[in-house]
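Close look at the chain arrangement
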Amino acid sequence: MFIGQVTGTVVATRKTTNMDGLPLRIVRRLTASAEPTETFVVAVDVVSADVGEYVLVASGSASRNTHLTDKRPCDAIIMAIVDTWQIQGETIYQKQG
Amino acid sequence: MFIGQVTGTVVATRKTTNMDGLPLRIVRRLTASAEPTETFVVAVDVVSADVGEYVLVASGSASRNTHLTDKRPCDAIIMAIVDTWQIQGETIYQKQG
Amino acid sequence: MFIGQVTGTVVATRKTTNMDGLPLRIVRRLTASAEPTETFVVAVDVVSADVGEYVLVASGSASRNTHLTDKRPCDAIIMAIVDTWQIQGETIYQKQG
Amino acid sequence: MFIGQVTGTVVATRKTTNMDGLPLRIVRRLTASAEPTETFVVAVDVVSADVGEYVLVASGSASRNTHLTDKRPCDAIIMAIVDTWQIQGETIYQKQG
Amino acid sequence: MFIGQVTGTVVATRKTTNMDGLPLRIVRRLTASAEPTETFVVAVDVVSADVGEYVLVASGSASRNTHLTDKRPCDAIIMAIVDTWQIQGETIYQKQG
């Protein structure tokens, strides 16, 4: 998995029928120090994340191991919203609220 | 998935028999800001996209989860035509017409 | 898939038994403009391509979806010989003969 | 697999239900000479590694082939704690204790 | 697959139980001209290669398609020992002995 930030949304009405109703988010990959990178993926959001939130993205066949995405042509999902992470005892990020 | 632009077509008459009839498109990857990159893939088009259209490409085992591509030796598909996408509230692209 | 050119052959007599008899080719990846790159893969050739020919390579689990490679420890195949491809209406390559 | 060092921990309370209870670690990839790189992954720890330990990470569908991770949307696991490794007869790393 | 050279060995006593007894080798990726690169993987050796030998490495789900590695959390195997390879008719490498 990698840590990313939800930065946007994609709308696509013409698509393979088995992708109907799955929300598509644009996620920007972060470094372990929470710096933004120039790497983006489009992921199916199975945890209802908001734009701006820090999330975990699972890629590849892993992304079909949820009820929403089982047997869908989906190669990336947002599978968790990050509360906090630490590197060598230092808190890099702590979700507010 | 990633956002790309359909830029071309590949014709191959001699191929594994279970790829017969599947349209092969060349897709150029775009950045999240819709800038073209130098990364291209050849993908099976399951949504009848036109050259020039902005599309979503799914890679890996995900690409066999459609009726057209089930059990085919295919590692990338065009699975949606993009209508619009937004980054932090700003519309980056809006399909015309 | 990606477009490549067959540039060589690998011979390996000591190997997992279920790879016996599968021809191994070295394929050089090309750009969409048919320029050679420095990226090479070793692929099982299921379409009897010749050295010099332009081919399509499928990677990952896709490469086991042929009769020859089913259940083999193979992660790349040559699955088609390219006749021609076009980028934005311009023919980049046309097979002779 | 690749050799990495456990450098941190991620906490995520809102996630796909089938990830409940799986410990998430941040692992920094090392070179073969044990130098740290700038590549990090978030992996499910199935061997109870401590921060600082050198580990092996398996990626992709391999990461579901353990009792803990079977059918989970997980794309990377810590599957071993490294005791020692050698390059051309020279010991690069030897676990203390 | 890619061509690599076996350069070392990893020992890990604490690991997922279904990896017991599988030899772990460090393999350095080579270019098509047999130049060493800075890319290394840890692979399960299913063909009993020696340090120094040139081998083929299969990655991803392909690596479970052998008796030794079936259903193991393994993402790379040494599946062949290279005898020789040629690029455009020129022999790049020929195994001695």
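On to the relation of the copies chain D and chain A. Take chain D, turn it by 72°, move it 0.0 Å along the axis, and it overlays chain A with an RMSD of 0.0 Å. Accordingly, the operation relating the two chain copies is best matched by a five-fold axis. Taken together, the interface assignments show that only 4% of the residues at the interface of chain D recur at the interface of chain A, consistent with different surfaces on the two copies.

Let's shift gears to the pattern of salt bridges. Residues and elements named next belong to chain A. Applying the stated rule across the entire model yields 20 salt bridges over all chains. Between Arg25 and Asp45 there is a salt bridge whose closest N-O contact spans 3.8 Å. With Arg25 in strand β3 (residues 24–30) and Asp45 in strand β4 (residues 36–45), this pair connects stretches of sequence that are 20 residues apart. The exposure classification of Arg25 matches that of Asp45, with both residues buried.

Turning next to the interface of chain D and chain E. Between chain D and chain E, the contact holds 27 residues from the first and 27 residues from the second. Counting each side, the surface lost to burial between chain D and chain E is near 2000 Å², with a carbon and sulfur contribution of 56%. The interface formed by chain D and chain E contains 16 residue pairs in polar contact (both at pLDDT 80 or more). Counting residues per element, the ones that place at least two in the side of chain D that touches chain E are β5 (54–59), β6 (76–81) and β7 (84–87) of chain D. In the side of chain D that touches chain E, the residues fall into 17 nonpolar, eight polar and two charged. As paired elements, β6(D) and strand β2 (residues 14–15) of chain E share two bridges and run antiparallel to each other. Residue pairing in the sheet places D:Ala80 in a bridge with E:Lys15 of β2(E).

A word on the arrangement of the chains. There is no contact between chain A and chain E; across them, the least C-alpha separation is 10 Å. A gap remains between chain B and chain E, which never touch, and the nearest two C-alpha atoms on either side lie 10 Å apart.

The partner chain A presents 27 residues to the 27 residues of chain D that form the contact. Interface area, chain D with chain A, both sides summed: about 2000 Å², of which 56% is carbon and sulfur. Contact with chain A buries area across many residues of chain D, yet D:Arg14, D:Pro73 and D:Asp75 alone supply 28% of it, more than any other trio. Taken together, the connections running from chain D to chain A amount to zero salt bridges. Where chain D meets chain A, there are 16 residue pairs in polar contact (both at pLDDT 80 or more). Taken together, the elements giving at least two residues each to the side of chain D that touches chain A come down to β1 (2–11), β2 (14–15), β3 (24–30) and β4 (36–45) of chain D.

The residue D:Gln5 is located in strand β1 in this model. Of note is the side chain of D:Gln5, whose polar atom sits 2.9 Å from the backbone oxygen of D:Gly52.

Turning our attention to the packing of aromatic side chains. Using the criterion set out here, one finds 15 aromatic pairs over all chains in the structure. Residues E:Tyr54 and E:Tyr93 carry aromatic rings whose centres are separated by 4.2 Å and whose planes lie at 20° to one another, so their mutual orientation is stacked. With E:Tyr54 in strand β5 (residues 54–59) and E:Tyr93 in strand β8 (residues 90–94), the pair connects residues that are 39 residues apart, well separated along the chain. Since its relative accessible area comes to 14%, E:Tyr54 is described here as buried. Judged by its relative accessible area of 17%, E:Tyr93 is buried. Taken together through their ring pairs, the aromatic side chains of A:Tyr54, A:Trp85 and A:Tyr93 make up a single cluster.

Moving on, we get to the pairing of strand β7 (residues 84–87) of chain A. Each regular strand shows side chains that alternate between the opposite faces of the sheet. Bridging between β7(A) and strand β8 (residues 90–94) of chain A involves four bridges; their strand directions are antiparallel. If you follow A:Trp85 over to β8(A), its bridge partner there is A:Tyr93. Looking at chain direction, β7(A) and β1(D) are connected through four bridges and run antiparallel. Of the residues in β1(D), the one forming a bridge with A:Gln86 is D:Thr9.

The rules behind these values
Residues numbered from 1 in each chain as written. Chains lettered and ligands numbered in written order. Predicted model: local features only at pLDDT ≥ 70, side-chain atom pairs only at ≥ 80, totals over all residues. Heavy atoms only, no water. Least-squares fit on C-alpha atoms with pLDDT ≥ 70 in both. Contact = heavy atoms within 4.5 Å. Salt bridge = Lys/Arg side-chain N within 4 Å of Asp/Glu carboxyl O. Helix = DSSP H or I, 4+ residues; strand = E, 2+ residues; numbered from the N terminus. Buried < 20%, exposed > 50% of the residue type's maximum accessible area, 1.4 Å probe, protein only. Buried area = accessible area lost by both parts, 1.4 Å probe. Polar contact = N/O pair within 3.5 Å; in protein donor to acceptor, adjacent residues only side chain to side chain. Nonpolar A, V, L, I, M, F, W, Y, C, P; charged D, E, K, R; others polar. Pairing = 2+ DSSP bridges. Phe/Tyr/Trp six-rings, centres within 6.5 Å; stacked < 30°, edge-to-face > 60°.

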